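Examination of the molecular architecture
Single-letter residue listing:
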Amino acid sequence: MLLGAVADDLTGATDLALMIARQGMKTVQVIGVPEPGADFGDAQAVVVALKSRTIPAAEAVAMSLRSAERLKAAGAEQIFFKYCSTFDSTDAGNIGPVADALLAFTGSDLAIVCPAFPATGRTIYRGHLFVGDLLLSDSSMKDHPLTPMRDASLVRVLQRQTPSPVGLVPLEVVEAGPEALREAFDRARRAGTRFVVVDAVRDAHLRTIGAAAAGMALVTGGSGLAMGLPGNFVKTGRLVPRTPADRMRAPRGRAVVLAGSCSAATRGQVQTVIDQGIPAFQLDALAIAENRITAQQVADWAEGQPVDRAPLVYSSADPSVVRAVQDKLGVERSGALVEDLLADVARRLASRGFTRFLVAGGETSGAVVAALGVQALEIGPEIDPGVPWTRSIGSPDLALALKSGNFGTPDFFLKAWRVLD
Ligand SMILES: Nc1ncnc2c1ncn2[C@@H]1O[C@H](COP(=O)(O)OP(=O)(O)OP(=O)(O)O)[C@@H](O)[C@H]1O
Ligand SMILES: O=C(O)[C@@H](O)C(=O)CO
């Protein structure tokens, strides 16, 4: 293994694994902290998918450290800490505390912080994160149910989460190339800076940053930052890139879409399915809390739909609806109610011959995959930037597309099936 990554949610891990696989590395994604002495076969890159984005910081630190230890023990030369391209976190963490712990674990004196992912509209300029044309704080991320992002300055956001000094490397240094970047990193180290937010607005910038990160024991960022890392192993003759897959064989069986994301892109994708007249079942957290809807009823409904189209089960709702529910039930409880129900539906459908699952939302995917008992994933073809098909390794044998809430074109839930054989 050359590269070992720890991702703070499941869809984020899949996004990163796809990016690395597309650069030609044999990549495996494992769900949850690997066992001590875990055998990762002939994987050149391993991405550990945690569900640590919104849990108490101390727990996120503990599981991230254990994962990094196991990756390092299995030979990983560089550790990648993957968080969201919209820097999803709160002032309590968990990006700062986990990054601090990994910095100490890897014995590093500086780490890059770069969530930019231009293919999905995430760019960083003067340390400010943009989502498309909007500052992060003006984007739909300001209304996220668990991690509302109301400040676009990544230096400020991160500095509130860590006692380690956070600095900035502006775009002109990145444009000057890897050597200039390495010099800027050295200056930052000498000034006592421990984290540098690095500007990037195009893929070329991410490749430059990746090249400058050669040999750094820890890098942190979104999946975009991984674009330039495999090339470092190619340059030193340690990696012969493979050709990434463009189709995937999937197990025979029925298909379903489960959407627990309330992100703007997912809401648009839900609307497209409804507009096409495809069967769709809407969940509501209050109805679940009051036992007016159960997993059994939802699974029966899905099973009763025509077999030739994937039905949709969704809880995706507008921010005002989500806020009203959260005011009544609390943020955590309403989230957990929906996640648990969708997970229970997935488990029931898997036992009734459903083998192809498209799941929207990181937390939702974490809950669903845990319920299905999936432990590791092989990375298949890209459906849209950041979202591949995956096939579970071992039992149960399932095809899974785990979509980050804000990724994918409006017709994602319709077109995703076309690359499966
Ligand atoms: N109707 C609803 N009312 C209240 N909470 C909801 C509702 N629908 C979904 N949720 C909760 O909102 C959260 C959405 O988080 P999730 O990570 O699944 O999606 P996302 O944040 O859009 O995706 P990603 O993390 O990939 O960007 C989950 O905890 C989910 O249970
Ligand atoms: O980086 C992203 O935007 C995604 O991979 C993600 O982490 C969403 O949960």
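All residue numbers here refer to positions counted from 1 along the written sequence of the relevant chain. Whichever chain is written first becomes A and whichever ligand is written first becomes 1, with later ones labelled in order. In view of the model being predicted, local features appear only for residues whose pLDDT reaches at least 70, and side-chain atom pairs are presented and counted only at 80 or more, with totals across whole chains, interfaces and linings using the full set of residues. The side-chain numbers reported here are obtained from all heavy atoms of the structure, hydrogens and water having been left aside.

Notes on the overall build of the protein chain
Helix and strand content of the protein chain: 15 helices and 18 strands. Taken over C-alpha atoms, the radius of gyration comes to 21 Å for the protein chain, in line with the 22 Å a tight globule of 421 residues would show. By its C-alpha atoms, the protein chain is 65 × 45 × 35 Å across when sized along the principal axes. Whether a residue is buried, partly exposed or exposed follows from its accessible area with a 1.4 Å probe, protein chains only, as a fraction of its type maximum: under 20%, in between, or over 50%, in that order. Looking at the protein chain residue by residue over its 421 residues, the buried ones come to 60%. Working rule for contacts: check all heavy atoms of both residues, and any pair within 4.5 Å makes them a contact. Relative to all contacts within the protein chain whose residues are 6 or more apart in sequence, the contacts with residues 24 or more apart total 75%. A run of H or I in DSSP becomes a helix once it reaches four residues, and a run of E becomes a strand once it reaches two; helices and strands are each numbered from the N terminus. A radius of gyration in this sense is built from C-alpha atoms; the matching globule rule multiplies 2.2 Å by the number of residues raised to 0.38.

So, the state of the cysteines
Criterion for a disulfide: a pair of cysteine sulfur atoms within 2.5 Å. Counted according to the given criterion, the structure contains zero disulfides. Cysteine Cys114 is unpaired, with the sulfur of Cys84 as its nearest cysteine sulfur at 13 Å.

Remarks on unusual backbone geometry
Generally, phi is negative for residues other than glycine and the peptide bonds are trans, each holding for most cases. A cis amide bond, omega 5°, links Gly93 with the succeeding residue Asn94. For Asn94, the position within the fold is in the loop between strand 4 (78-82) and helix 3 (95-106). The step from Ser395 to Pro396 runs through a cis peptide bond, and the omega angle for that step is 0°. A positive phi angle, close to 55°, is found at Phe87, a residue other than glycine. Positionally, Phe87 belongs in the loop between strand 4 and helix 3. Taking relative accessible area as the criterion, Phe87 reaches 0% and is therefore assigned buried. One non-glycine residue, Asn291, lies in positive phi territory at about 65°. With respect to the helices and strands, the residue Asn291 is situated in the loop between helix 10 (285-289) and helix 11 (295-303).

Some words on the pairing of strand 5 (residues 111-114)
In strand 5, alternate side chains face the same way, and those of Ala111 and Val113 on one face and Ile112 and Cys114 on the other are all buried. Strands are labelled as partners when DSSP assigns at least two bridges between them. Summarising the sheet, strand 5 and strand 10 (residues 195-198) pair through three bridges and their orientation is parallel. What sits directly across from Ala111, in strand 10, is Phe195. In terms of strand pairing, strand 5 meets strand 11 (residues 218-221) through two bridges, oriented parallel. Bridge pairing links Val113 to Thr220 in strand 11.

Quick look at the UniProt feature "domain: Four-carbon acid sugar kinase N-terminal" (unreviewed entry) in the protein chain
Under the feature "domain: Four-carbon acid sugar kinase N-terminal" (unreviewed entry), the UniProt entry names residues 3-229. In this annotation, residues 3-229 is assigned 33% helix and 20% strand; the end-to-end C-alpha distance for the span is 9 Å. UniProt positions are given in the numbering used here, feature names are shortened, and annotations may be inferred rather than shown by experiment.

Re the domain arrangement of the protein chain
For the protein chain, the assigned domains read domain 1 (3-235) and domain 2 (254-419). Domain delimitation follows an automatic or database domain assignment. Measuring from the centre of the C-alpha atoms in domain 1 to the corresponding centre in domain 2 gives 27 Å. On the domain 2 side, the residues contacting the 28 residues of domain 1 number 34 residues. Buried area counts how much accessible surface, traced with a 1.4 Å probe, disappears from two parts once they are put together, with both parts' losses summed. On the domain 1 side of the contact with domain 2, Thr11, Leu18 and Lys51 bury the most area, a combined 24% of that side's loss. Counted as salt bridges are all cases of a side-chain nitrogen of Lys or Arg within 4 Å of a carboxyl oxygen of Asp or Glu. At the surface where domain 1 touches domain 2, the tally comes to four salt bridges. The residue Arg323 makes a salt bridge to Asp143 at a minimum N-O spacing of 3.6 Å. Identification of polar contacts relies on pairs of N or O atoms within 3.5 Å, with a donor-acceptor requirement for protein atoms, meaning one able to donate a hydrogen and the other able to accept it, and with residues adjacent in sequence counted only if both atoms are side-chain atoms. Linking domain 1 with domain 2 are six residue pairs in polar contact (both at pLDDT 80 or more). At the level of elements, helix 1 (10-22) and strand 2 (27-31) are the ones that each hand at least two residues to the side of domain 1 that touches domain 2.

Let's talk about the site of ligand 1
When at least one non-hydrogen atom of a residue lies within 4 Å of a molecule or strand, that residue is treated as near it. The local shell around ligand 1 holds 23 residues, among which His144, Ser261, Ser263, Glu339 and Thr364 are the closest. The contact in question runs from an oxygen atom of ligand 1 to an N or O atom on the backbone of Glu363, over 2.7 Å. Surface burial for ligand 1 is 96%, taken as the share of its 630 Å² of free accessible area covered by protein chains. Each residue gets one of three labels, nonpolar for Ala, Val, Leu, Ile, Met, Phe, Trp, Tyr, Cys and Pro, charged for Asp, Glu, Lys and Arg, and polar for the others, Gly among them. When its residues are assigned to classes, the shell around ligand 1 shows six nonpolar, 13 polar and four charged. Each of domain 1 (3-235) and domain 2 (254-419) gives at least three residues to the shell around ligand 1. Computed by Shrake-Rupley with a 1.4 Å probe, the accessible areas treat only the displayed protein chains as cover when residues are assessed.

Quick look at the sheet that holds strand 7 (residues 128-131)
Spatially, three strands are ordered 6-7-8 in an open sheet, and the strand pairing comes out antiparallel. Each end of this open sheet is capped by a strand with a single partner; those strands are strand 6 (122-125) and strand 8 (134-135). Two strands pair when backbone bridges link them, and strand 6 and strand 7 are joined in this way by four bridges, in the antiparallel orientation. Considered in strand 7, the bridge of Thr123 is made with Phe130.

A closer look at the packing of aromatic side chains
When two rings of Phe, Tyr or Trp (its six-membered ring) have centres within 6.5 Å they constitute a pair, described as stacked for plane angles under 30 degrees, edge-to-face for angles over 60, and tilted for the intermediate range. Summed over the entire model, instances satisfying the criterion amount to six aromatic pairs. Ring geometry for Phe281 against Trp301: centres 5.3 Å apart, planes inclined by 65°, an arrangement best described as edge-to-face. Here the residue Phe281 occupies a position in strand 13 (residues 280-282), and Trp301 occupies one in helix 11, the gap between them amounting to 20 residues. Here Phe412 and Phe413 contribute two aromatic rings whose centre-to-centre distance is 6.4 Å and whose plane-to-plane angle is 80°, an arrangement assigned as edge-to-face. A single burial state applies to Phe412 and to Phe413, both of which are buried. Site record: aromatic cluster; members linked through ring pairs are Phe81, Tyr83 and Phe87.

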